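This is what each chain is made of:
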Amino acid sequence: MAIKLRAVRNEDFAALHALDQACFAPGIAWSKAELLYFLKYPGNVAILAEDAGVPVGFAIAGTQRRQGKLLGRLITIDVDAARRRRGVGEALLKAAEERLREAGATTVLLEVAVDNSAAQAFYERHGFTRTGRIPGYYLGRIDALVMEKEAGEAL
Ligand SMILES: CC(C)(COP(=O)(O)OP(=O)(O)OC[C@H]1O[C@@H](n2cnc3c(N)ncnc32)[C@H](O)[C@@H]1OP(=O)(O)O)[C@@H](O)C(=O)NCCC(=O)NCCS
């Protein structure tokens, strides 16, 4: 697999929506309106991973202010189930972190469902640690773990 990364373009929308629907359970996967919102939110970056021109994953990240510091937020990383465990997620995460660092973020934060052990293992491997828990974050009944990585940890 020869993965190429590039910025998401408008014409990628259907492929991104299909990937997201396949990656997450009904109700957690984004509607088209939600996906469009995150893609177009001012300052957000969206990166596509392609294998021989076929979209196989994407990442969306952005920034917000927290106590005077610029906080990077990893909004999602979605990888086609048939292409997992081959470094696509890692390539997307590194590219997103690079963009957040360029934007001036000193910390990156994300939320992940408590029952999503694969994503937790993925983020732990990449230096994120658990810093909180949000009750009922998904569907009002599944808690989210908050995971963060400081700039000092190779961000
Ligand atoms: C989480 C996700 C993005 C990882 O993408 P990926 O392309 O498989 O990631 P990589 O191949 O770069 O994995 C790197 C490492 O992460 C860890 N990891 C990834 N998936 C894992 C799993 N299912 N179980 C345990 N560890 C896992 C491993 O350490 C892995 O290295 P290894 O394969 O050498 O053991 C992917 O599983 C996914 O899209 N899941 C569904 C959507 C999702 O939950 N996104 C996160 C939302 S917060």
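Please refer to the structure higher up on the page.
Residues numbered from 1 in each chain as written. Predicted model: local features only at pLDDT ≥ 70, side-chain atom pairs only at ≥ 80, totals over all residues.

## Comments concerning the overall build of the chain
- Within the chain, the secondary structure is distributed over four helices and seven strands.
- Helices and strands in the chain line up, N terminus first, as β-α-α-β-β-β-α-β-α-β-β.
- Taken against the 2.2 N^0.38 rule, which gives 15 Å for 155 residues, the C-alpha radius of gyration of the chain at 15 Å falls within 12% of a compact globule.
- Dimensions of the chain, computed from the C-alpha atoms along their principal axes, are close to 40 × 35 × 30 Å.
- A buried classification covers 26% of the 155 residues belonging to the chain.
- In the chain, once contacts between residues fewer than 6 apart in sequence are set aside, the share between residues at least 24 apart is 57%. (Helix = DSSP H or I, 4+ residues; strand = E, 2+ residues; numbered from the N terminus. Rg over C-alpha atoms; globule rule 2.2 N^0.38 Å. Buried ≥ 20, exposed ≤ 12 C-beta atoms within 10 Å, placed from the backbone. Contact = placed C-beta atoms within 7 Å.)

## Looking at the site of the ligand
- Neighbouring the ligand are 20 residues, the closest being Arg 84, Gly 89, Glu 90, Ala 118 and Ala 121.
- When residues of the shell around the ligand are assigned to their parent elements, the largest contribution, five residues, is made by helix α4 (residues 117-125). (Near = placed C-beta within 6 Å.)

## Concerning the environment of Phe 38
- With respect to the secondary-structure elements, Phe 38 resides in helix α2 (residues 32-40).
- The exposure class of Phe 38 is partly exposed, given the 17 C-beta atoms found within 10 Å.
- Not counting residues up to four positions away in its chain, the partners in contact with Phe 38 are Asn 44, Ile 60 and Ile 75.

## Thoughts on the environment of Asp 20
- Note that Asp 20 resides in helix α1 (residues 13-23).
- Using a count of 21 C-beta atoms within 10 Å as the deciding quantity, one classes Asp 20 as buried.
- Along the primary structure Asp 20 and Arg 141 are separated by 121 residues, whereas in three dimensions their C-alpha atoms are 20 Å apart.
- Look past the residues within four positions of Asp 20 in its chain and what remains in contact with it is Ala 29, Trp 30, Leu 35 and Asp 78.

## Observations concerning the nonpolar core
- Counting 31 residues, the largest nonpolar core has Ile 47, Phe 58, Ala 59, Ala 61, Leu 92 and Ala 96 as its most contacted members.
- Those elements giving two or more residues to this core turn out to be α1, β2 (45-51), β3 (54-66), β4 (69-79), α3 (88-103), β5 (107-113) and β7 (142-150).
- With sequence-adjacent residues up to four places away left out, Ala 96 is seen in contact with Val 45, Ile 47, Ala 59, Ala 61 and Leu 74. (Core = buried A, V, L, I, M, F, W, Y, C linked by C-beta atoms within 7 Å.)

## What to know about the environment of Pro 42
- Summarising the element assignment, Pro 42 is placed in the loop between α2 and β2.
- Looking at Pro 42, the number of C-beta atoms within 10 Å reads 5, which means it is exposed.
- Spatially, the C-alpha atom of Pro 42 lies 9.5 Å from that of Thr 63, the residues being 21 residues apart in sequence.

## Things to note about the pairing of β5
- Where burial is concerned, the two faces of β5 differ: the one with Val 108, Leu 110 and Val 112 is buried and the one with Thr 107, Leu 109, Glu 111 and Ala 113 is not.
- The pairing of β4 with β5 spans three bridges and is classified as parallel. Paired with Leu 71 across the two strands is Thr 107, which belongs to β5.
- Strand direction decides the pairing type here: β5 and β7, joined by seven bridges, are antiparallel. Within β7, the position partnered with Ala 113 by the bridge is Ala 144. (Pairing = 2+ DSSP bridges.)

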